[in-house]
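Structural overview for review
The chain contents come next:
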Amino acid sequence: MAKTNSGRFFEDYQLGQVLTHAVPRTVSGGERALYHALYPARHALYSSDEFARASGLAASPIDDLAAFHVVFGKTVPDVSLNAVANLGYAEGRWLKPVWAGDTLRSESKVIGLKQNSNGNTGVVYVRSRGVNQRDETVMEYVRWVMVRKNDLDAPAPEAVVPELSKVVAPEDLVIPEGLDFSGYDFALAGEPHRWGDYEIGEQIDHVDGVTIEEAEHMIATRLWQNTAKVHFDATFRPDGQRLIYGGHVISMARALSFNGLANAQMIVGLNGGAHANPCFAGDTVKAWSEVLDKAETSAPGVGAIRLRLVATKGGEPFKLKGEDGKYLPEVLLDLDYWALMPL
């Protein structure tokens, strides 16, 4: 009996299959410190216990994307160890803050399967959730992944592509209990721009850029216990390059967006996302955002803002797709999310 795990291949998945992912992870303040060392993350709510308390929370939570990466990383050995690419996200919601000392585990359910026409790969759709030590779901999301087949003669399953919402409805966003921005300190947060200052359709060039380093990427990916071979094994791709973990690009772009969106404090919804083109060490990531929508919430002083966050590796800002409708080659990430901002 083999003692090692070579990962699941496309033919190993079944519709409705529930995957319980191994190795729960207890997070600590060290998680925040290392996250902020890897990315230029400066949002005040995730940097200061005192700022968080003044905003109605017990303390500063673990960064929303750091928590996402922990939950995501658990799923990799069962979902995307043999992935060609992570293709997209939908219906993501952050349901409870993650605090230092919380222990997170993950589970996924297969909700869709579709073999590709080449017969060598297929797309697997899963709904994943992160659960804390109190069995509370802290976040949930759908993603779909292109996975290799091991047995090319294995019959194709009946194609099932789930119908997914294009956007999380504002009324379905979960506001952390106690969050109150009515006494928000804009000076400490770093920018004066509030919810009412942003207009739907407005575009923001975040100006700054960061060149991706091989070592930092691998430290980050190990931190999240993401074991996908394409991120570490240079022999796994025909071009001999390690693929930068898409979550690394997401966090880098989100951190860069501080310049212009410093008060978009908490991500609470993930409407959709695409890793449009691969990222490799040496690429310089820049970012721009577009305001897609705005909504009021029931929390005092708190508004929700829907943003498109685009990461690029060059080229002009605010250019996304060509005349053929395909992403331009310099576009790395197209992410659609909801964030909470003071009114």
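Right above here is the structure, for reference.
As a starting point, this report considers the structure included with it. (Residues numbered from 1 in each chain as written. Predicted model: local features only at pLDDT ≥ 70, side-chain atom pairs only at ≥ 80, totals over all residues. Heavy atoms only, no water.)

1. Comments concerning the overall build of the chain
- For the chain, the helix and strand inventory stands at seven helices and 11 strands.
- On C-alpha atoms alone, the chain measures out to a radius of gyration of 20 Å, which is about the 20 Å that the 2.2 N^0.38 rule sets for 343 residues.
- With respect to the principal axes defined by its C-alpha atoms, the chain has extents near 65 × 50 × 40 Å.
- Carbon together with sulfur atoms contributes 50% to the accessible area of the chain, which is approximately 14500 Å² in total. (Helix = DSSP H or I, 4+ residues; strand = E, 2+ residues; numbered from the N terminus. Rg over C-alpha atoms; globule rule 2.2 N^0.38 Å. Areas by Shrake-Rupley, 256 points an atom, 1.4 Å probe, with all protein chains shown as cover.)

2. Digging into the packing of helix H3 (residues 64-79) against helix H6 (residues 246-256)
- Close contact between H3 and H6 brings their axes to 11 Å; oriented N to C, the two are set at 175°. The angle between the axes of H3 and H6 places the two elements in the roughly antiparallel class. Every residue of H6 that contacts H3 at Asp 64, Leu 65 and His 69 is listed here: Gly 247, Ile 250, Ser 251 and Arg 254.
- Classifying every residue of the contact of H3 with H6 gives two nonpolar, three polar and two charged. (Axes fitted to C-alpha atoms, helices over the stretch in contact; angles between N-to-C directions. Parallel < 35°, antiparallel > 145°, perpendicular 65-115°, else oblique. Contact = heavy atoms within 4.5 Å. Nonpolar A, V, L, I, M, F, W, Y, C, P; charged D, E, K, R; others polar.)

3. A closer look at the side chain of His 43
- By the element assignment, His 43 lies in the loop between helix H1 (29-38) and helix H2 (49-54).
- Relative accessible area serves as the criterion here: at 6%, His 43 is assigned to the buried category.
- With residues up to four places along the chain from it excluded, the contact list for His 43 reads Arg 254, Phe 258, Leu 261, Ala 262, Ala 264 and Gln 265. (Buried < 20%, exposed > 50% of the residue type's maximum accessible area, 1.4 Å probe, protein only.)

4. Section: the pattern of salt bridges
- This model, assessed by the stated rule, comprises 15 salt bridges.
- For the salt bridge of Arg 93 with Glu 140, the shortest nitrogen-to-oxygen distance reads 3.0 Å. Note that Arg 93 is positioned in strand E3 (residues 83-94) and Glu 140 in strand E6 (residues 137-148), a separation of 47 residues in sequence.
- Arg 306 is the partner of Asp 336 in a salt bridge, and the nearest nitrogen-oxygen pair spans 2.5 Å. You can see Asp 336 sitting in strand E11 (residues 331-342) and its partner Arg 306 sitting in strand E10 (residues 302-312), a full 30 residues away along the chain.
- One network of salt bridges, in which partners are shared, links Asp 102, Arg 134 and Glu 136. (Salt bridge = Lys/Arg side-chain N within 4 Å of Asp/Glu carboxyl O.)

5. Comments concerning the packing of aromatic side chains
- Within the structure shown, the criterion is met by 13 aromatic pairs.
- Ring pairs connect the aromatic residues Phe 68, Phe 72, Tyr 89, Trp 94, Tyr 141 and Tyr 245, which therefore count as one cluster.
- Stacked on the ring of Trp 195, the Lys or Arg Lys 294 has its end atom at 4.3 Å from the ring centre.
- A cation sits over an aromatic face here: Lys 321 above Tyr 327, 4.8 Å from the ring centre. (Phe/Tyr/Trp six-rings, centres within 6.5 Å; stacked < 30°, edge-to-face > 60°. Lys NZ or Arg CZ within 6 Å of the ring centre and 35° of its normal.)

6. Thoughts on unusual backbone geometry
- Positive phi outside glycine occurs at Gln 225, with the angle close to 55°.
- Turning to its location among the elements, Gln 225 is positioned in the loop between helix H5 (214-223) and H6.
- According to the relative accessible area criterion, Gln 225 is partly exposed, its value standing at 31%.
- For Phe 318, which is not glycine, the phi torsion reads 70° and is therefore positive.
- In this fold, Phe 318 is placed in the loop between E10 and E11.

7. Details of the pairing of strand E4 (residues 103-115)
- When strand E1 (residues 18-20) meets E4, the two strands line up antiparallel, connected through three bridges. Looking at E4, one finds that Leu 19 is bridged to Ser 108.
- Examined bridge by bridge, strand E2 (residues 25-26) and E4 share two bridges and lie antiparallel to one another. When the bridges of E4 are listed, Arg 25 appears paired with Leu 104.
- In this sheet, strand E5 (residues 121-131) lies alongside E4 in antiparallel orientation, the contact comprising 10 bridges. The partner of Ser 106 across the bridge, within E5, is Gly 130. (Pairing = 2+ DSSP bridges.)

8. What to know about H3
- Its 16 residues give H3 an end-to-end C-alpha distance of 22 Å, which sits within 8% of 22 Å, the value for a rise of 1.5 Å per residue.
- Of all 16 residues making up H3, 15 are buried, and the element is well covered by its neighbours. (Expected span 1.5 Å × (residues − 1).)

9. Comments concerning the environment of Glu 191
- Mapping Glu 191 onto the fold places it in the loop between helix H4 (186-189) and strand E7 (203-211).
- The exposure class of Glu 191 is buried, given its relative accessible area of 11%.
- Reaching out from Glu 191, the side chain makes a polar contact with the backbone nitrogen of Gly 260 at a distance of 2.7 Å.
- Looking at Glu 191, its side chain comes within polar contact range of the main-chain nitrogen of Leu 261, at 3.5 Å. (Polar contact = N/O pair within 3.5 Å; in protein donor to acceptor, adjacent residues only side chain to side chain.)

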